[in-house]
Amino acid sequence: MEWRPRVNPWLIAPAVMLATFMEVLDTSIASVSLPYIAGNLGATSSQATWVLTSYLVSNAIILPASAWFSSVFGRKRFLITCIIIFSASSFLCGAATSLAMLIVARTLQGAGGGALQPLAQSILLESFPPAKRGVAMAVYGVGVVCAPILGPTLGGWLTDTWSWRWAFYINVPIGIIAVIFISAVVEDPPYIRAVRRHLDAIGFGFMAIGLATLQIVLDKGQEVDWFGAIWIRWMVLICAVSLVIFVIRQLYAKDPIVNLRILKNRNFAVACGLFFMFGAGIYGMITLQPLFLQLLLGYTAFNAGLTVSPRGVGALLSLAIVGTMIGRLGARKLAAAGFVVFAYSAFLFSRMTLGVSQDHLIPLNIINGIGTGFIFVPLTTVGMGTLRNDQMGNAAGIQNLLRNMGGSVGISLVSTFLDRWSQRHQVYMVGNFTPLSPIYRQQFGALQSFLQTRFSPADAAARAQNILYNVIHTQSSYWAFIDLFYGFMWVGIACAVLVWLLKQVKRNPASPNVVAH
């Protein structure tokens, strides 16, 4: 007989998702506040980005090890402890008087929040019977998919209305409510007990070094021209060596801190790869559109966030129905359809012009959100469908880590290719925009004639050249954005094909609570 909680799962779901939504929201809520943080604490913009990097580094280190810590301290006790650490460090972030204090507090906050996602996912999967796990993952998807979309909008509103500090203070009352709620309704299953286990300190150390250096390379590589910087080369070497040693040690260790043998399960391994690509796609798109609106169309951060927010509406609509559709259509069909819709939305974004209106962008974002919702739930359900309950915690940690690392890769690729492809288009345009070109002579002559009514001939000529260069710069940046949107379309198409590598998970007709494949 499978274990079932004494409390109704629908009471457990909001309890664990309250904390998870808060944690996922915090990965993006501070991004729009960085200029205000830098100005208030006397730091440069590049120094202020460590506020994000420090959080992501400590978060990535704790994520895969969450199952081990749960087995040592007990999952419920560990979950409550993580929320307390996250809430207390959020208060310290808001009260920070220097950049160094803020970075230390963000590191503690990331460590406290790192385990919240996998713990919530494993609790939901174990609390609901297998027949309703699609619904459970729909509830989980509300936090994981919608929170990053709403984060920049909420962060911009809090910063503009009160202060950047309230982007952190808001976590404190939510954390207190979550602790009280979880204490009342969550319980540990019998196969998760607090036992004394040997800590693989060597494995944990190599994992921490490998993930930390990888995150730093992804965040800072574009700023220093990637391998053009010697310290980036050393970081990549240290990262590669550390992760190889970590993988070998975990495969042969008697008591590994992360059980990588679970990747022998075909469905889980394929789902993890797809989640990595999904994370790159969704975080890349979430990053790309606000940049397009702010850099080329002159939107404020808050207005850009409002334009992106309809993605959350689309995701909520799809998450509300996808859990009930899995049993009829199958997880693979729904996931493939979700990737196709995601690819179609990216194609529609690639058709935007510099005259696009805000009203035109709303339906595009809703379509993109619908595709996202149809991807997350089926992919999680079919990836976890052939695992035992006692494997859920370890699997959730690995899966969430790969999705988050995919997001970091997606953001890094957007930053890198936006600059590189913009330069490529600019070189092409400048080569065709010379005094020998009739179009150039016509535009330059018209501008110079207009400006000579207010400035001297020499000054008017210089100003006309500057205006034309700004036009070239805007157009080259525009085509770089279009190329990236088009690239994400192909990512969605590739994922829609790779979904069929998954084995379909079928319910055993003899028992609705048993799954087979």
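Peer 1: I keep staring at the packing of helix H14 (residues 266–296) against helix H17 (residues 331–349) and nothing clicks. Help me out?
Peer 2: Each pair of packed helices gets described by two things: the angle between the helix axes and the distance between those axes. Relative to each other, H14 and H17 sit at 25°, their axes nearing to 12 Å. It follows that H14 is roughly parallel to H17 by the angle criterion. Considering how the two elements wind past one another, H14 and H17 form a crossing that is left-handed. Contacts between H14 and H17 involve Leu274, Phe278, Gly281, Ile282, Met285 and Gln289 from the former and Phe339, Phe342, Ala346 and Phe349 from the latter. A breakdown of the residues in the contact of H14 with H17 according to their chemical character gives 8 nonpolar, 2 polar and no charged.

Peer 1: How do you make sense of unusual backbone geometry when you look at a structure like this?
Peer 2: Phi is mostly negative for residues that are not glycine, and the peptide bonds are mostly trans. Residue Asp225 is not a glycine yet carries a positive backbone phi of 65°. With respect to the secondary-structure elements, Asp225 resides in the loop between helix H12 (201–220) and helix H13 (230–252). Of the residues examined, Asp225 reaches a relative accessible area of 46% and is grouped as partly exposed. One non-glycine residue, Trp226, lies in positive phi territory at about 50°.

Peer 1: Is there a simple way to think about the environment of Leu329 in this case?
Peer 2: Note that Leu329 resides in helix H16 (residues 310–329). Given a relative accessible area of 42%, Leu329 falls into the partly exposed group. Between the C-alpha atoms of Leu329 and Leu418, which are 89 residues apart in sequence, the distance is 39 Å.

Peer 1: Would you mind showing me how to read the packing of aromatic side chains here?
Peer 2: For any two aromatic rings, the description comes down to two numbers: the centre-to-centre distance and the angle of the planes. For the structure shown, the criterion picks out 18 aromatic pairs. Taken together, a centroid distance of 4.8 Å and an interplanar angle of 35° make the contact between Phe417 and Trp421 tilted. Separated by 4 residues within a single helix, Phe417 and Trp421 lie in helix H19 (residues 392–431), roughly one turn from each other. For Phe417, a relative accessible area of 31% puts it in the partly exposed group. Note on Trp421: relative accessible area 22%, which makes it partly exposed.

Peer 1: Would you take a moment to explain empty space enclosed by the protein for this structure?
Peer 2: Unoccupied space between atoms shows up once a probe the size of one water molecule is rolled over them. Under the criterion given, the structure shown has 3 cavities of 30 Å³ or more. Space inside the largest cavity adds up to approximately 70 Å³. In terms of lining residues, the largest cavity is bounded by Val144, Val145, Pro148, Ile149, Phe278, Ile282, Tyr283, Ile286, Thr372 and Arg403. Secondary structure elements with two or more residues in the lining of the largest cavity: helix H9 (133–161) and H14. Split by residue class, the lining of the largest cavity holds 8 nonpolar, 1 polar and 1 charged.

Peer 1: Would you mind showing me how to read the environment of Asn404 here?
Peer 2: With respect to the element layout, Asn404 can be found in helix H19. Put simply, Asn404 and Tyr283 are 121 residues apart on the chain and 9.0 Å apart in space, counted from C-alpha to C-alpha. If sequence neighbours within four positions are ignored, Asn404 has contacts with Asn59, Leu63 and Gln117.

Peer 1: Would you take a moment to explain the confidence of the model for the protein for this structure?
Peer 2: Close reading of the predicted structure is inappropriate where its pLDDT is low. With 95% of its residues at a pLDDT of at least 70, the protein reaches an overall mean of 83. pLDDT under 50 marks residues 507–517. Its contacts with residues more than four places away, or in other chains, come to 18 contacts.

Peer 1: Is there a simple way to explain the nonpolar core in this structure?
Peer 2: Nonpolar side chains in soluble globular proteins generally cluster together in the buried interior. Judged by nonpolar contacts, the single largest core of 117 residues is most densely connected at Val16 and Leu124. The greatest single-element share of this core, amounting to 15 residues, is contributed by H14. With residues up to four places along the chain from it excluded, the contact list for Val16 reads Leu79, Ala120, Ile123, Leu124 and Val186. Counting residues in hydrophobic clusters, the runner-up holds 16 residues, among them Leu34, Leu52, Cys93 and Trp164.

Peer 1: Explain the packing of helix H6 (residues 75–94) against helix H8 (residues 116–127) here, please?
Peer 2: Viewed as axis vectors pointing N to C, H6 and H8 meet at an angle of 145°, and their least axial separation amounts to 10 Å. The way H6 lies across H8 gives a crossing that is left-handed. Listed contacts from H8 to Arg75, Phe78, Leu79, Cys82 and Ile83 of H6 are Leu116, Leu119, Ser122, Ile123 and Glu126. In the contact of H6 with H8, the residues fall into 7 nonpolar, 1 polar and 2 charged.

Cut-offs and rules
- Residues numbered from 1 in each chain as written.
- Predicted model: local features only at pLDDT ≥ 70, side-chain atom pairs only at ≥ 80, totals over all residues.
- Heavy atoms only, no water.
- Axes fitted to C-alpha atoms, helices over the stretch in contact; angles between N-to-C directions.
- Helix = DSSP H or I, 4+ residues; strand = E, 2+ residues; numbered from the N terminus.
- Parallel < 35°, antiparallel > 145°, perpendicular 65-115°, else oblique.
- Left-handed = near helix turned anticlockwise from the far one by under 90°.
- Contact = heavy atoms within 4.5 Å.
- Nonpolar A, V, L, I, M, F, W, Y, C, P; charged D, E, K, R; others polar.
- Buried < 20%, exposed > 50% of the residue type's maximum accessible area, 1.4 Å probe, protein only.
- Phe/Tyr/Trp six-rings, centres within 6.5 Å; stacked < 30°, edge-to-face > 60°.
- 1 Å grid on protein atoms, 1.4 Å probe; cavity = no way out; pocket = protein on both sides within 12 Å on 5 of 7 lines; lining within 4 Å.
- Points joined across faces, edges and corners; volume = space filled by probe spheres on them.
- pLDDT = per-residue confidence, 0-100.
- Core = buried A, V, L, I, M, F, W, Y, C linked by side-chain atoms within 4.5 Å.

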